[in-house]
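Structural overview for review
If you want the building blocks of each chain, they are given just below.
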Amino acid sequence: MGTESLNSPGYDIPPEMQSQVAITTLDKIYNWSRKNSLWPMMFGLACCAIEMIGTAASRFDFSRFGMEVMRPSPRQADLMIVSGTVTKKMIPQIVRLYNQMPEPRYVIAMGACASGGGPFKEGYTVVAGVDKFIPVDVYIPGCPPTPQALLHGFITLMKKIETQSLRSVPWYQKTPGEPIPIPILGPDLMDPRKFDLIKQVCSQREEQRNTEPEGESTHE
């Protein structure tokens, strides 16, 4: 890779030294090293995972982008590719894996199902988008996306990493980040972050039932 992306503008380097010397900033060299050494986590959910596997194989070979190793452990990965339909039974495990990934960590929603539910959005077992529970950095449309589309998503994520600064990224702030609460699968999927709202709505409905005259009922 050339040094033109590393060099800071306004500093002229003699031609005989351009292949040996680069004048840059800490942000640039930090982001340059991170964007070229992303390690995806090895897991797949549905048919999009087949396209992800094809992208890792020899024809497309995403190791050209520095993604040489897909790690089977979330503690050794910094990129989660949500490749497939996210069901209510699976989302607690996805959130748990995300919490176990060290920062900096990134998420790619691969395909229509991971991005918004896809053709199964109205299904009672399907989460309409993984971004309802974990933050997503790049969305890749398609059902399923081609390997070329996934490579474009990688490049888009690399461009995003280039713009980050050590001063503003959340993993270098003074206050530690809080883990995302694990969703609870009961009669339906419940987000612990919305428990107060659920209690409030339930108490309002209970009060409404208690104040109704006997023999009358409200159909909701």
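In this report, we go over the structure that sits alongside the text. Treat the numbers as computed from the prediction; the structure is a model and nothing was measured.

1. Things to note about the packing of aromatic side chains
- All chains considered together, the criterion is met by three aromatic pairs.
- For the ring pair Tyr30 and Tyr172, a centre distance of 6.1 Å and an interplane angle of 50° mean the geometry is tilted. Here Tyr30, found in helix 1 (residues 26-35), pairs with Tyr172, found in the loop between helix 5 (147-162) and strand 4 (184-185); they are 142 residues apart in sequence, far enough to count as distant.
- Classification of Tyr30 as buried rests on a relative accessible area of 18%.
- Exposure remark for Tyr172: the relative accessible area of 47% places this residue in the partly exposed category.
- Residues Tyr106 and Trp171 carry aromatic rings whose centres are separated by 6.4 Å and whose planes lie at 85° to one another, so their mutual orientation is edge-to-face. In this pair, Tyr106 is assigned in strand 2 (residues 106-110) and Trp171 in the loop between helix 5 and strand 4, connecting sequence segments 65 residues apart.
- Exposure remark for Tyr106: the relative accessible area of 1% places this residue in the buried category.
- Sitting above the plane of the Tyr98 ring, Arg105 keeps its charged end 4.2 Å from the centroid.

2. Some thoughts on the nonpolar core
- With 25 residues, the main nonpolar core has Leu79, Phe154 and Leu157 as its most contacted residues.
- Broken down by secondary-structure element, the contributors of at least two residues to this core are helix 2 (48-56), strand 1 (79-83), strand 2, strand 3 (138-140) and helix 5.
- Broken down by element, this core gets its largest block of residues, six residues, from helix 5.
- Once residues within four sequence positions are removed from consideration, Leu79 is found in contact with Trp39, Pro40, Met41, Met67, Met101, Tyr106, Val107, Ile108, Phe154 and Leu157.
- Judged by nonpolar contacts, the second largest core, of 21 residues, contains Tyr98, Val107, Ala109 and Val127.

3. Considering the state of the cysteines
- Within this structure, the stated rule accounts for zero disulfides.
- For Cys47, which is in no disulfide, the shortest distance to another cysteine sulfur is to Cys48 and amounts to 5.0 Å.
- Counting only cysteine sulfurs, Cys143 is the nearest neighbor of Cys113, a cysteine outside any disulfide, at a range of 5.4 Å.
- Relative accessible area serves as the criterion here: at 8%, Cys113 is assigned to the buried category.

4. Quick word on the packing of helix 1 against helix 5
- The contact between helix 1 and helix 5 brings their axes to 9 Å, and the two run at 160°. Taken together, helix 1 and helix 5 sit at an angle that is classed as roughly antiparallel. Every pair of crossing elements has a handedness; the one defined by helix 1 and helix 5 is right-handed. Contact residues: helix 1 offers Asn31, Arg34 and Lys35, while helix 5 offers Met158, Ile161 and Glu162.
- Per-class residue counts for the contact of helix 1 with helix 5 are two nonpolar, one polar and three charged.

5. Digging into the environment of Gln200
- Tracing the backbone shows Gln200 in helix 6 (residues 195-211).
- What makes Gln200 partly exposed here is its relative accessible area of 42%.
- For the pair Gln200 and Gln164, spaced 36 residues apart in sequence, the C-alpha separation works out to 39 Å.

Parameters at a glance
Residues numbered from 1 in each chain as written. Predicted model: local features only at pLDDT ≥ 70, side-chain atom pairs only at ≥ 80, totals over all residues. Heavy atoms only, no water. Phe/Tyr/Trp six-rings, centres within 6.5 Å; stacked < 30°, edge-to-face > 60°. Helix = DSSP H or I, 4+ residues; strand = E, 2+ residues; numbered from the N terminus. Buried < 20%, exposed > 50% of the residue type's maximum accessible area, 1.4 Å probe, protein only. Lys NZ or Arg CZ within 6 Å of the ring centre and 35° of its normal. Core = buried A, V, L, I, M, F, W, Y, C linked by side-chain atoms within 4.5 Å. Contact = heavy atoms within 4.5 Å. Disulfide = S-S within 2.5 Å. Axes fitted to C-alpha atoms, helices over the stretch in contact; angles between N-to-C directions. Parallel < 35°, antiparallel > 145°, perpendicular 65-115°, else oblique. Left-handed = near helix turned anticlockwise from the far one by under 90°. Nonpolar A, V, L, I, M, F, W, Y, C, P; charged D, E, K, R; others polar.

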